[in-house]
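One letter stands for each residue in the lines below.
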Amino acid sequence: MPGKFVLIGSGLAGGLLAAYLGRRGYEVELYERRGDPREGNIVGGRSINLALSTRGIHALEQIGIADEVLRHAIPMRGRMIHDRSGNLHFSPYDRDPNKFINSIGRAALNTTVIEAAQRYPNANVHFNHRCVDVDLEQAVAHLATASDVEAAVPAGPQREIISARGDCVIGVDGAFSAVRQSMQKEMTGFEYDERYLAHGYKELTIPPAPDGSWRMEKNALHIWPRKSFMMIALPNPDGSFTCTLFWEFEGPRSFASTKTDDEIRHFFEEEFPDAVPLMPSLLDDFKTNPTGSLATIRCAPWFYKDKVTLLGDAAHAVVPFYGQGMNAAFEDCVVLDECLAEFPQDRQRAFAQYFERRKENTDALADLAVQNFIEMRDKTASPAFRAKKKLDHMLEGVLPGTYLPLYAMVTFTRLPYSTAAKRARFQDRIVFGSLIGAGSLLLIAVLLALLH
Ligand SMILES: Cc1cc2nc3c(=O)[nH]c(=O)nc-3n(C[C@H](O)[C@H](O)[C@H](O)COP(=O)(O)OP(=O)(O)OC[C@H]3O[C@@H](n4cnc5c(N)ncnc54)[C@H](O)[C@@H]3O)c2cc1C
């Protein structure tokens, strides 16, 4: 069934979805509130680089652009843990050294997916168009087109509003989706839940060494776990690292209480002494770069009749601690494409199936992502964590195909997230049950030996 899709938002998932729909022969009009990223419009306010893994790579492969993306990626083979004394511990992500995650630049990836969409003559991208409202029943998006599209000012001489009508509208417009807001306003019974962490995040930089090389191990995701907060760093192709500090917004030691040069310097020297000499622009970066918030957003349903649906962060924003938000958004594209192919004559059924297949899984991912913050900021520092990882890898080796660590299932397979979470709980019960069982047997043996 030919049809016209109006897409709102050409971030990571919007560009890719436009390519998928373009390939199916649909007419696609993609509207993005920002300017063209190829003209130097930086994707502001979000992480500069991201971890791309199996699910995301699969989605890119389906559209034939995985190699192009991975050419610019830096493999990260494990976690490099930095303790307070500057000692390092490396913990590989998998027992198989060929399983790793990839650090990629958001801006380059965004450009690649947009260009993939533009290869289809039936897909058009319009920048500097900000969706202000969607008429769900008519599948019409209202868009502000003037240069001040970021400003939520009423229509007037500086701000023209145009209408884009399709057979349906897809909101791929991120965590603060305008399309979702229209659904909230118009749909009775629309469920919406947003939860913010008490932590915010700030990006900082470790520049390349004078010879252009990386100042720390390049093929690792660096973590400075400090119990209630942490800093991480991902490598960039130009020899730099992008560090992200995840820290409490409020409290005696927090973003709110750390403002002056002395306070900033003192905090970093106390907590991250090995990183400070590598961060010459620390004070400037800390004071200038924005502090972002971290939210989990859940809503239901993700569709209205055959007229509107949501995809990516617009449907399910998760906190970034499993490195899966974008990977999950890319996986959405694959599933929505499959559903449209399965029900070519019934778009409402396709949307309903897509929602049913994804909702349980993105809910499971949301929980896993919050839990992994505790693992990253606290547990990775402990020898017990490293021992558990070694046990995981050992069990994976002796029980191939039977035992798979949770991290591996989420990151290196395309098992549905909810299946991975359930299977990990089951495995933990068996393993810890056996360990407790083995411990009890040992205790009985010791007692018997003492009695003799
Ligand atoms: C600090 C941090 C680190 C992260 N690290 C990772 C990681 O390592 N791995 C991973 O998989 N994920 C990661 N994520 C998550 C990832 O960034 C998101 O899941 C991903 O960007 C979602 O893609 P999207 O296309 O749905 O939304 P976005 O990428 O946010 O794109 C939405 C687009 O819509 C546009 N838009 C918004 N409103 C409107 C409007 N009204 N009209 C028109 N256009 C509009 C925006 O300008 C934007 O271009 C991280 C997130 C954060 C915050």
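Our structure is the block above this text.
Residues numbered from 1 in each chain as written. Predicted model: local features only at pLDDT ≥ 70, side-chain atom pairs only at ≥ 80, totals over all residues. Heavy atoms only, no water.

**Comments concerning empty space enclosed by the protein**
Item 1. All told, the structure shown has two cavities of 30 Å³ or more when counted by the stated rule.
Item 2. In this model, the largest cavity occupies a volume close to 50 Å³.
Item 3. Forming the boundary of the largest cavity are Arg79, Tyr93, Lys389, Asp392, His393, Pro405, Tyr407 and Ala408.
Item 4. Of all elements in the fold, only helix H11 (383-398) and helix H12 (406-412) reach the threshold of two or more residues within the lining of the largest cavity.
Item 5. A total of three residues in the lining of the largest cavity trace back to one element, the largest contributor, which is H11.
Item 6. When its residues are assigned to classes, the lining of the largest cavity shows four nonpolar, one polar and three charged.
Item 7. The space that makes up the second largest cavity amounts to roughly 30 Å³.
Item 8. What lines the second largest cavity is Ile297, Arg298, Cys299, Trp302, Ala315, His316, Lys359, Thr362, Asp363 and Ala366.
Item 9. Elements supplying a minimum of two residues to the lining of the second largest cavity: strand S17 (292-300), helix H8 (313-316) and helix H10 (347-377).
Item 10. The biggest single contributor to the lining of the second largest cavity is H10, with four residues. (1 Å grid on protein atoms, 1.4 Å probe; cavity = no way out; pocket = protein on both sides within 12 Å on 5 of 7 lines; lining within 4 Å. Points joined across faces, edges and corners; volume = space filled by probe spheres on them. Helix = DSSP H or I, 4+ residues; strand = E, 2+ residues; numbered from the N terminus. Nonpolar A, V, L, I, M, F, W, Y, C, P; charged D, E, K, R; others polar.)

**Considerations on the sheet that holds strand S9 (residues 130-135)**
Item 1. Pairing is antiparallel across the open sheet formed by three strands, whose spatial order is S9-S10-S11. Looking at strand neighbours, the two that pair on one side only are S9 and strand S11 (161-165), the edges of this open sheet. Across the sheet, the mean angle from the axis of one strand to that of its neighbour is 25°, orientation sign disregarded.
Item 2. Sheet topology places S9 next to strand S10 (residues 140-144); five bridges connect them, and they run antiparallel. Paired with cysteine 131 across the two strands is leucine 143, which belongs to S10. (Pairing = 2+ DSSP bridges. Axes fitted to C-alpha atoms, helices over the stretch in contact; angles between N-to-C directions.)

**Let's talk about the sheet that holds strand S7 (residues 101-105)**
Strands pair in a sheet through their backbones, by hydrogen bonds, and they do so in one of two ways: parallel or antiparallel.
Item 1. Overall, antiparallel pairing links the three strands, which are arranged S3-S7-S4 in an open sheet. Two strands lie at the open edges of the sheet, namely strand S3 (49-52) and strand S4 (74-76), each paired on one side alone. Within this sheet the neighbouring strands show an average axis-to-axis angle of 35°, counted without direction.
Item 2. On the sheet, helix H4 (residues 106-118) packs against S3 and S7 and is oriented at approximately 85° with respect to S7.
Item 3. The sheet strands contacting helix H9 (residues 325-342) are S3 and S7, and the helix crosses S3 at an angle near 60°. (Contact = heavy atoms within 4.5 Å.)

**Some details on helix H6 (residues 261-271)**
Item 1. Turning to H6, its buried residues are Ile264, Phe267, Phe268 and Glu271. When H6 is viewed along its axis, its buried side chains cluster within an angular range of 90° and face the same direction.
Item 2. Buried residues along H6 sit in contact with strand S13 (191-206), strand S15 (230-235), strand S16 (241-248) and helix H7 (282-288). (Buried < 20%, exposed > 50% of the residue type's maximum accessible area, 1.4 Å probe, protein only. Arc of directions from axis to C-beta.)

**Section: the pairing of strand S2 (residues 27-31)**
Item 1. Of all five residues in S2, four are buried; the element is thus mostly enclosed.
Item 2. Relative to S2, strand S1 (residues 4-8) is paired through five bridges, and the arrangement is parallel. Residue pairing across strands places leucine 7 opposite leucine 30, the latter belonging to S2.
Item 3. As for the winding sense of the linkage, the β-α-β connection from S1 through helix H1 (residues 12-23) to S2 is right-handed.
Item 4. Sheet topology note: the S2/strand S8 (residues 123-126) ladder contains four bridges and is parallel. Opposite glutamate 29, over in S8, you have asparagine 124 as the bridge partner. (Right-handed = clockwise from strand over helix to strand, strands pointing away.)

**Topic: the packing of aromatic side chains**
Item 1. Evaluation of the coordinates by the stated rule reveals 22 aromatic pairs.
Item 2. Both rings, one in tryptophan 247 and one in phenylalanine 255, keep their centres 5.3 Å apart while their planes meet at 65°; by these two values the pair is edge-to-face.
Item 3. Accessibility expressed as a relative area gives 0% for tryptophan 247, which makes it buried.
Item 4. When the ring of phenylalanine 268 is compared with that of phenylalanine 272, the centres are 5.4 Å apart and the planes differ by 55°; the resulting orientation is tilted. The residues phenylalanine 268 and phenylalanine 272 share a single accessibility class, namely buried.
Item 5. Taken together, Phe229, Trp247, Phe249, Phe255, Phe267, Phe268, Phe272 and Phe286 form an aromatic cluster joined through their ring pairs.
Item 6. Taking NZ or CZ as reference, arginine 55 lies 4.0 Å from the ring centre of tyrosine 417, over its face. (Phe/Tyr/Trp six-rings, centres within 6.5 Å; stacked < 30°, edge-to-face > 60°. Lys NZ or Arg CZ within 6 Å of the ring centre and 35° of its normal.)

**Here's the deal with the packing of H9 against H10**
Item 1. As a packed pair, H9 and H10 sit with axes 8 Å apart at the nearest point and diverge in direction by 150°. In terms of their interaxial angle, H9 and H10 are classed as roughly antiparallel. For the pair H9 and H10, the sense of crossing is right-handed. Only Arg347, Ala350, Phe351, Gln353, Tyr354, Arg357, Arg358, Thr362 and Leu365 of H10 make contact with H9, whose side of the interface consists of Ala328, Glu331, Asp332, Val335, Leu336, Glu338, Cys339, Leu340 and Glu342.
Item 2. Among the residues forming the contact of H9 with H10, the class breakdown is nine nonpolar, two polar and seven charged. (Parallel < 35°, antiparallel > 145°, perpendicular 65-115°, else oblique. Left-handed = near helix turned anticlockwise from the far one by under 90°.)

**Some details on the pattern of salt bridges**
Two side chains bearing opposite charge may form a pair once their charged atoms approach each other closely.
Item 1. The final tally for this structure, using the stated rule, is 26 salt bridges.
Item 2. Close ionic contact of glutamate 270 with arginine 253 constitutes a salt bridge, the shortest N to O distance being 3.1 Å. In this pair, glutamate 270 is assigned in helix H6 and arginine 253 in the loop between S16 and H6, connecting sequence segments 17 residues apart.
Item 3. Taking relative accessible area as the criterion, arginine 253 reaches 37% and is therefore assigned partly exposed.
Item 4. Residue lysine 422 pairs with glutamate 360 through a salt bridge whose shortest N-O separation is 3.3 Å. Taken together, the residues lysine 422 in helix H13 (residues 417-451) and glutamate 360 in helix H10 connect sequence positions 62 residues apart.
Item 5. Using a relative accessible area of 46% as the deciding quantity, one classes lysine 422 as partly exposed. (Salt bridge = Lys/Arg side-chain N within 4 Å of Asp/Glu carboxyl O.)

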